[in-house]
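For reference, the chains in residue letters:
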Amino acid sequence: MPAYLFYPRRANGVSLTFIAETATDDVAAMELAADIAAVHECVGVFVWEPAIGAGPDRFVGEVNRADAGETWVEVSGRGAVASA
């Protein structure tokens, strides 16, 4: 399974940590991002796939809080629509 890096971010855009997880594909990674965002009570999560070898890291997508509820939406145009 591919490894992904998840960066929960605050309202000011700062991410103070990252979480490394594996997922079967980008769709599963975006769903996991929504779960991580809800647990960390942040406004969104950036998802990256680390480079293997000398290549660049790949931006997979981002989920953001859609409203005051627990609904999350993908804003990147990549991967799956993530909702919790």
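Remember, it's a predicted structure, so these values are computed and weren't measured experimentally.

This next bit is on the packing of aromatic side chains. Scanning the entire structure with this criterion turns up 4 aromatic pairs. Ring centres of Y4 and F6 lie 6.5 Å apart, and the angle between their planes is 45°; on these two criteria the pair is classed as tilted. Chaining the aromatic ring pairs together yields one cluster made of F46, W48 and F59.

With that settled, the discussion passes to the pattern of salt bridges. Opposite charge on two side chains permits pairing when their charged atoms draw close. Per the stated rule, a full pass over the model turns up 3 salt bridges. When the shortest N-O distance is used, the salt bridge between R9 and E62 registers 2.7 Å. Residue R9 is found in strand β1 (residues 3-9), and its partner E62 is found in strand β4 (residues 58-65); the two are separated by 53 residues along the sequence. Judged by its relative accessible area of 12%, R9 falls in the buried class. A salt bridge links D26 to R58; its shortest N-O distance comes to 2.8 Å. Of the two residues, D26 sits in helix α1 (residues 26-40) while R58 sits in strand β4, which places them 32 residues apart along the sequence. Exposure remark for D26: the relative accessible area of 21% places this residue in the partly exposed category. Among the residues examined, R58 registers a relative accessible area of 32% and is labelled partly exposed. Connected through salt bridges with shared partners, the residues D26, E49 and R58 form a single ionic network.

Strand residues, when the strand is regular, have side chains that alternate between the two faces of the sheet. The sheet contact formed by β1 and strand β3 (residues 44-49) spans 5 bridges and is antiparallel. Along β3, the bridge assignment pairs F6 with V47. Bridging between β3 and β4 involves 6 bridges; their strand directions are antiparallel. The partner of E49 across the bridge, within β4, is R58.

Analysis parameters
Residues numbered from 1 in each chain as written. Predicted model: local features only at pLDDT ≥ 70, side-chain atom pairs only at ≥ 80, totals over all residues. Heavy atoms only, no water. Phe/Tyr/Trp six-rings, centres within 6.5 Å; stacked < 30°, edge-to-face > 60°. Salt bridge = Lys/Arg side-chain N within 4 Å of Asp/Glu carboxyl O. Helix = DSSP H or I, 4+ residues; strand = E, 2+ residues; numbered from the N terminus. Buried < 20%, exposed > 50% of the residue type's maximum accessible area, 1.4 Å probe, protein only. Pairing = 2+ DSSP bridges.

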